Each structure stands twice: as structure tokens, then as C-alpha cells.
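The residues making up each chain are set out below.
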Amino acid sequence: MTQVYDHGGGVRSIRVPIPDNPLGHTLVHVVDTDRGPVLVDTGWDDPDSWDTLTDGLTACGTAPEEIHGVVITHHHPDHHGLSGRVREASGAWIAMHAADAAIVRRTRATRPETWFAYMADKLAAAGAPEEHVAPLRAARRPGSLPGFSPADPDREIVPGELLDLPGRRLRAIWTPGHTPGHVCLHLEEEHPAGLPGHGRLFSGDHLLPGITPHIGLYEDPDDTTSTDPLGDYLASLERVAALCPAEILPAHQHAFTNAPARVRELLDHHEARLTGLLALLTTPLTPWQLAERMEWNRPWDRIPPGSRTIAVAEAEAHLRRLVKLGRAEAVAGGEGVAYVAV
């Protein structure tokens, strides 16, 4: 049964399912404007997800054909996946931050075998064993990778600027970390229930009530710059806390209040995790070896291959933060680059 929530003030949300994913669903937000409804994210590109979105829009008194625009918090397929179908149905524009739009366009232009080969090389350099890397080297079909042909956005979200939503004040806040171009969207309007604070915040995956979002690595294969996505994420958290929104409307779980308190929990979590990793780095470890020793939501031997790849990226993001802080350094290793505490 399709679940729709009315948050008041012309804002509703639809629970759109994510197939075979522990997150369960994406909260697609529907924002009324003077030119018709605008969606914040769209959900996964799957027939059941599309049917749920369509039914939800009907429950909101509208339809896919009436959507004026789509604002994407970040490029992940559970957020951007159905954007193309919405645009086909309605002619709606699709807006995204330039950094994530570049990832979308790079993905669309890359042959699947090239992408898989790049990922295999990255994992090998991170110390992944051959049995994990070999299937990526053998992969050829684009169907193996969800979201390999995402919709090309046609508008750019500019940080700090109001989006073109007639009758609404929705300002883009750049919050990199989960992805390079992740944005939160600050609805600068009085809360409809009069809650104290400054408007409402569509937080995407940046700020969630009970989950710590994955910190990802999304680098251009032709760019050798070493990024610090965890550092970007922590700085972005501080930026959001300073807004003091009355309510946060995230893309998963449920709406919540007290953003500064949740930000403090996340900052403390990452500081504790960095301190714990330093204790593991008394001897040199590759990102893969570190990921094997880190605490996850289940034992390492029960984590499937795709999730292990994500875990290794998370481990490397933390290692880069430690190096940036001068608390660890890279050393020559026999199986990929290793790191040790200093």
C-alpha cells in the first residue's frame, strides 16, 4: 500500500520502495509551486517503484504528467533513478549540482567494460584479493550496474542561490561528502506548525535520523587529485547545523527535529571511529585490510561483494582524513598502498 505523508504547507512525501535494499525506501518529496508540483528526488528506476510513485502522486492530487520540475539531492540511483521517466511523462526539468552532473555524464559516456576495469584496478591498489577483483575484470554487461544510463540533468543547482520555484523560497546548500555534489535544500518559509527554528531542510542522505551515511569516493579516472570526502562531509555537517532548521525532511527513515544535536552525534561518531582506526594502524594496513577489521552492521564474512566494495571506499575515505590531519601516512606495501599511524 502506497504511503503518503502530508507535512503541511504544500509539502508531502511518498515512500518509494528500493528493491532488495535494507534501506527499504526513498522518501520522494512533493513540493507545491505556482507552476505545478516539483519533486525532490524520484526513487529507484524499477517498475514497482514507478507504480508506487504514480499512485503516491495520485494520492497527492496530481500525476507524473503534471510535474513541473525535479530537484535531485545527489546522483545515486535511489534518488535520481526515475528522473528520466518523470521527464518523459511531463517534460519537467531536472536540476543537479554540477559535481554530480559531471559524474552522471561521465557514467553515460563510459563503456561498461572500461568502468569495471577501472574499479578492478582501484580495488587491487586498495589491497583487495584476486577473488574479489576477478568478477569485475570479467564483467561486461551494463545491466550488471544499476543506474548505468541515468538521465542527463538540464539545469544546474548553484550553491547559495534560490531555485526557480515560483511561490517558494528553496535555497541550495552544498553539502559534499556522501557524493561530491550532494545538496541539501533549505525551505526558507515559516514552519506550518510553528515549530521553532528557521524553515525546513530537505536533507537527502546528508543528515538522517538514525543512519550514518556512506562517505564515497567518486573520482575522475583522468584526475590524480587526492580528495578528502570525509573532511568535506564533516565541514558540511557544521554548515547545516548553523542553519538551525525547525524540521529536517530526509530521503530515508522519517522527519525529525533538532539538527544541531544530530550533527553533534555524527561528528562524535566519526571522531570516535577515526580514533579507533588509529589503534588498528599500529602496523601498516591496506584499505581492504582495514575494512576487514572495522565494525559494520554485520560480520565481514556476511557482507556481500558489492557492499564490501563500498566498505573499502569508506575505509579509504577515513584513511585520507587521517593523513590530512597528520595522524597517519602511506607506506610502501607488498599488496597495494598501506597506511600506518604516526
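Not measured: the values here are computed from a predicted model.

Draft legend 1. Structural detail: the nonpolar core. Ranked by internal contacts, the top residues of the largest apolar core, which has 44 residues, are Leu207, Leu237 and Leu290. Among the elements that make up this core, the one with the highest residue count is helix α8 (residues 259-280) (seven residues). Core analysis: the next-biggest nonpolar cluster, separate from the first, contains 20 residues, Ile14, Val30, Val86 and Ala92 among them.

Draft legend 2. Quick look at the packing of aromatic side chains. Here the structure, examined in full by the defined rule, presents one aromatic pair. Measuring from ring centre to ring centre gives 5.4 Å for Trp288 and Trp300, while their planes differ by 90°; the resulting arrangement is edge-to-face. Residue Trp288 is located in helix α9 (residues 287-293), and its partner Trp300 is located in the loop between α9 and α10 (305-324); the two are separated by 12 residues in the primary sequence. Note on accessibility: Trp288 and Trp300 belong to one class, buried. Above the face of the Trp296 ring, Arg273 is positioned so that its terminal group lies 4.7 Å from the ring centre.

Draft legend 3. Seen up close, the pairing of strand β11 (residues 247-250). The two faces of β11 match: Glu247 and Leu249 on one face and Ile248 and Pro250 on the other face are all buried. Examined bridge by bridge, strand β10 (residues 200-204) and β11 share four bridges and lie parallel to one another. Paired with Leu201 across the bridge in β11 is Ile248. After leaving β10, the chain enters helix α7 (residues 229-243) and then returns to the sheet as β11, a path that is right-handed.

Draft legend 4. Region of the structure containing the pattern of salt bridges. Within this structure, the stated rule accounts for 15 salt bridges. Between Arg12 and Asp32 there is a salt bridge, with its nearest N and O atoms 3.3 Å apart. Of this pair, Arg12 sits in strand β2 (residues 11-17) while Asp32 sits in the loop between β3 (25-31) and β4 (38-40), and the two are 20 residues apart along the sequence. Notably, a salt bridge pairs Arg87 with Asp154, separated by 2.6 Å at the nearest N-O pair. Highlighted residues: Arg87 in helix α3 (residues 83-90) and Asp154 in the loop between α6 (130-138) and β7 (155-157), separated in sequence by 67 residues. Note on Asp154: relative accessible area 44%, which makes it partly exposed.

Draft legend 5. Highlighting the environment of Leu243. Tracing the sequence through the fold places Leu243 in helix α7. Sequence separation between Leu243 and Asp20 is 223 residues; the distance between their C-alpha atoms is 35 Å. Those residues within four positions of Leu243 in sequence are excluded, and the remaining contacts are Ile173, His186, His198 and Leu201.

Draft legend 6. Molecular detail of α10. The first and last C-alpha atoms of α10 sit 29 Å apart over 20 residues, in line with the 28 Å expected at 1.5 Å per residue. Most of α10 is tucked away, with 14 of its 20 residues classed as buried. Residue Gly326 follows α10 closely and has a positive phi angle near 75°.

Draft legend 7. Structural view of the packing of α7 against α8. Between α7 and α8, the shortest axis-to-axis distance is 9 Å and the interhelical angle comes to 160°. In this view, α7 runs roughly antiparallel relative to α8, as classed from their interaxial angle. Here the hand of the crossing between α7 and α8 comes out left-handed. Between α7, through Leu230, Tyr233, Leu234, Leu237, Glu238 and Ala241, and α8, the contact on the second element is made entirely by Pro260, Val263, Leu266, Leu267, His270 and Leu274. Partitioned by chemical class, the residues of the contact of α7 with α8 number 10 nonpolar, one polar and one charged.

Draft legend 8. Here's a closer look at the sheet that holds β11. Spatially, four strands are ordered β8-β9-β10-β11 in an open sheet, and the strand pairing comes out mixed. Edge positions in the sheet fall to β8 (170-174) and β11, since each of these pairs with one other strand and no more. Neighbouring strand axes in the sheet, compared pairwise and without regard to direction, differ in orientation by 25° on average. Bridge count for β8 against strand β9 (residues 183-187) is five bridges, and the pairing is antiparallel. Residue pairing in the sheet places Leu170 in a bridge with Leu187 of β9. On top of the sheet, α7 reaches β8, β9 and β10; it is set at about 150° to β8, its chief contact.

Draft legend 9. Region of interest: the sheet that holds β7. Pairing is mixed in the open sheet, where seven strands are placed in the order β1-β2-β3-β4-β5-β6-β7. Two strands in the sheet have a free side with no partner beyond their single neighbour: β1 (4-6) and β7. Across the sheet, the mean angle from the axis of one strand to that of its neighbour is 25°, orientation sign disregarded. With three bridges joining them, strand β6 (residues 93-97) and β7 adopt parallel strand pairing. When the bridges of β7 are listed, Ala95 appears paired with Arg155. Sheet contacts for α3: β4, β5 (69-71) and β6; angle to β6, the most-contacted strand, approximately 150°. Sheet strands in contact with helix α4 (residues 98-109) are β6 and β7, and its direction is about 110° off that of β6.

The rules behind the values
- Residues numbered from 1 in each chain as written.
- Predicted model: local features only at pLDDT ≥ 70, side-chain atom pairs only at ≥ 80, totals over all residues.
- Heavy atoms only, no water.
- Core = buried A, V, L, I, M, F, W, Y, C linked by side-chain atoms within 4.5 Å.
- Buried < 20%, exposed > 50% of the residue type's maximum accessible area, 1.4 Å probe, protein only.
- Helix = DSSP H or I, 4+ residues; strand = E, 2+ residues; numbered from the N terminus.
- Phe/Tyr/Trp six-rings, centres within 6.5 Å; stacked < 30°, edge-to-face > 60°.
- Lys NZ or Arg CZ within 6 Å of the ring centre and 35° of its normal.
- Pairing = 2+ DSSP bridges.
- Right-handed = clockwise from strand over helix to strand, strands pointing away.
- Salt bridge = Lys/Arg side-chain N within 4 Å of Asp/Glu carboxyl O.
- Contact = heavy atoms within 4.5 Å.
- Expected span 1.5 Å × (residues − 1).
- Axes fitted to C-alpha atoms, helices over the stretch in contact; angles between N-to-C directions.
- Parallel < 35°, antiparallel > 145°, perpendicular 65-115°, else oblique.
- Left-handed = near helix turned anticlockwise from the far one by under 90°.
- Nonpolar A, V, L, I, M, F, W, Y, C, P; charged D, E, K, R; others polar.

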